Amino acid sequence: MTEYESRPGDSTRSVHAGRPPARAHEPALPGPVFAAHFHLPGDVTGPYTYGRDENPTWTRLEEAISSLESPGTPAETLAFSSGMGAISSVLFSQVRSGDTVVLPSDCYQATRSLQGRLEDYGVSVRLAPTAGDAQLKALEGARLLWIETPSNPGLDVCDIRRLADAAHAAGALVAVDNTLATPLGQRPLDLGADFSVASGTKALSGHGDLLLGYVTTRRPELAAGVRMWRKTVGAIPGPMEAWLAHRSLSTLALRVDRQAANALELAAALLRRPEVTDVRHPGLADDPAHSVATAQMTRFGSVVSFTLPDKEHAERFLSELLLTTEATSFGSVTSTAERRARWGGDAVPEGFIRFSVGVEDAADIVRDVTQALDAAAR
Ligand SMILES: *Cc1c(COP(=O)(O)O)cnc(C)c1O
């Protein structure tokens, strides 16, 4: 193999991911296939039968994501209508009454909200924080360990390899929510996880215009269980969303590189402000998560979190932003920010801001935040 064939870089892989070989008079990325059913004479044979089971537009996106999450090693990806569709399909397809699941106590709040439903079904749920690999102490007898690193919204990081090895020794499966990092920031399957699960709504698709989720695994029997769950629950992506997400993958490396650089510049500017406390970003050299993050991540994501003195101060800051819009979610090409405590449910101070940098010029983002902080301080 040539050097090019053996080791294409991240931009090359994301530009070409899942695209079919060039064929005369065919498009580079075939358009979305809209079909509830496919012509199916005689006995039931694949690949395409009914639109809730399979769709060629999903197949291309799934191959693309597999090539990013698991380059060089065969893996199967299943696309879902949302990140929560993907997360709940892993949990509910893999655990049974009597099993124990270990969840992060500080993960995305909709994931944590599944605790009650799991318990109603006879599943025990143990919670432990992401920081300090605290989930290690909760693994005995567990069936599944759920990891979210970096965590949303607190941006704590845990050691995936260490937790996965301990979980496997305890007989548990390991799923990692890879939403914040994206597969260009971190590859959970290479670090020992059984499932890499994510919301494609955020940085993966990156334009703030669609919802999507996915599950990637190298183990065919695990993929089969998740596939069956998707089919029976019907949490399937629309072909248009799947196609838009695939189209967006071509710029994934460009976007996440710019976002990571912008996030560092913003974090550095925030560190110079006396009214701003607890600036967190895994790429910051003195962040508590930095050493574990550098050992397992190659890019640190678009999110910077920090705390303003109180709710009123934070609200004034948000209302003074000119370039940055107030919105939930993160990872979009446009900078967004929100006061996270407005939702309830996260253990964060009233003045806690989750800021997602876009791909604007860093100087403009920093200038916008600086003028809004100045105005909010008056
Ligand atoms: C947004 C998010 C989800 C849920 O994804 P949806 O696409 O909104 O369903 C799951 N995990 C994390 C870490 C998230 O940020």
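Please read these numbers as outputs of a predicted model, since none were measured by experiment.

Asker: I tried to follow the packing of helix α3 (residues 56-69) against helix α9 (residues 239-249) on my own but got confused; where do I start?
Answerer: Each pair of packed helices gets described by two things: the angle between the helix axes and the distance between those axes. The interhelical angle for the contact between α3 and α9, taken along N-to-C directions, is 35°, at an axis separation of 9 Å. Here α3 runs over α9; the crossing is left-handed. Touching Thr-57, Trp-58, Arg-60, Leu-61, Ala-64, Ile-65 and Leu-68 of α3 are Pro-239, Ala-242, Trp-243, Ala-245, His-246 and Leu-249, all from α9. Grouping the constituent residues of the contact of α3 with α9 by class yields 10 nonpolar, 2 polar and 1 charged.

Asker: Please explain the packing of helix α4 (residues 83-94) against helix α8 (residues 220-233) as it appears in this structure.
Answerer: Orientation of α4 relative to α8, taken along the N-to-C sense of each, is 110°, at an axis distance of 9 Å. The angle between the axes of α4 and α8 places the two elements in the roughly perpendicular class. In the packing of α4 onto α8, the handedness of the crossing is right-handed. Between α4, through Ser-88, Ser-89, Val-90, Phe-92, Ser-93 and Gln-94, and α8, the contact on the second element is made entirely by Leu-222, Gly-225, Val-226 and Trp-229. Residues belonging to the contact of α4 with α8 are distributed by class as follows: 5 nonpolar, 5 polar and no charged.

Asker: Honestly, the domain arrangement of the protein chain in this entry has me stumped. Any pointers?
Answerer: Interfaces are often sized by the accessible area lost when the parts come together. Taken as a whole, the protein chain is organised into domain 1 (3-249) and domain 2 (253-377). Placing the centre of domain 1 and that of domain 2 at their C-alpha centroids yields a distance of 26 Å. Between domain 1 and domain 2, the buried area comes to about 2500 Å², and carbon and sulfur atoms account for 53% of it. Of all residues in domain 1, Gln-109, Pro-153 and Leu-155 give up the largest surface area on contact with domain 2, accounting jointly for 24% of the area buried on that side. Summed over the shared surface of domain 1 and domain 2, the result is 3 salt bridges. Residues Asp-156 and Arg-280 are paired through a salt bridge, measuring 3.0 Å at the closest nitrogen-oxygen approach. Here domain 1 and domain 2 share 17 residue pairs in polar contact (both at pLDDT 80 or more) between them. At the level of elements, α2 (10-16), α5 (109-112), α7 (160-169) and α9 are the ones that each hand at least two residues to the side of domain 1 that touches domain 2. When residues of the side of domain 1 that touches domain 2 are assigned to their parent elements, the largest contribution, 3 residues, is made by α2. Broken down by class, the residue content of the side of domain 1 that touches domain 2 amounts to 15 nonpolar, 15 polar and 6 charged.

Basis of the calculations
- Residues numbered from 1 in each chain as written.
- Predicted model: local features only at pLDDT ≥ 70, side-chain atom pairs only at ≥ 80, totals over all residues.
- Heavy atoms only, no water.
- Axes fitted to C-alpha atoms, helices over the stretch in contact; angles between N-to-C directions.
- Helix = DSSP H or I, 4+ residues; strand = E, 2+ residues; numbered from the N terminus.
- Left-handed = near helix turned anticlockwise from the far one by under 90°.
- Contact = heavy atoms within 4.5 Å.
- Nonpolar A, V, L, I, M, F, W, Y, C, P; charged D, E, K, R; others polar.
- Parallel < 35°, antiparallel > 145°, perpendicular 65-115°, else oblique.
- Domains from an automatic or database assignment.
- Buried area = accessible area lost by both parts, 1.4 Å probe.
- Salt bridge = Lys/Arg side-chain N within 4 Å of Asp/Glu carboxyl O.
- Polar contact = N/O pair within 3.5 Å; in protein donor to acceptor, adjacent residues only side chain to side chain.

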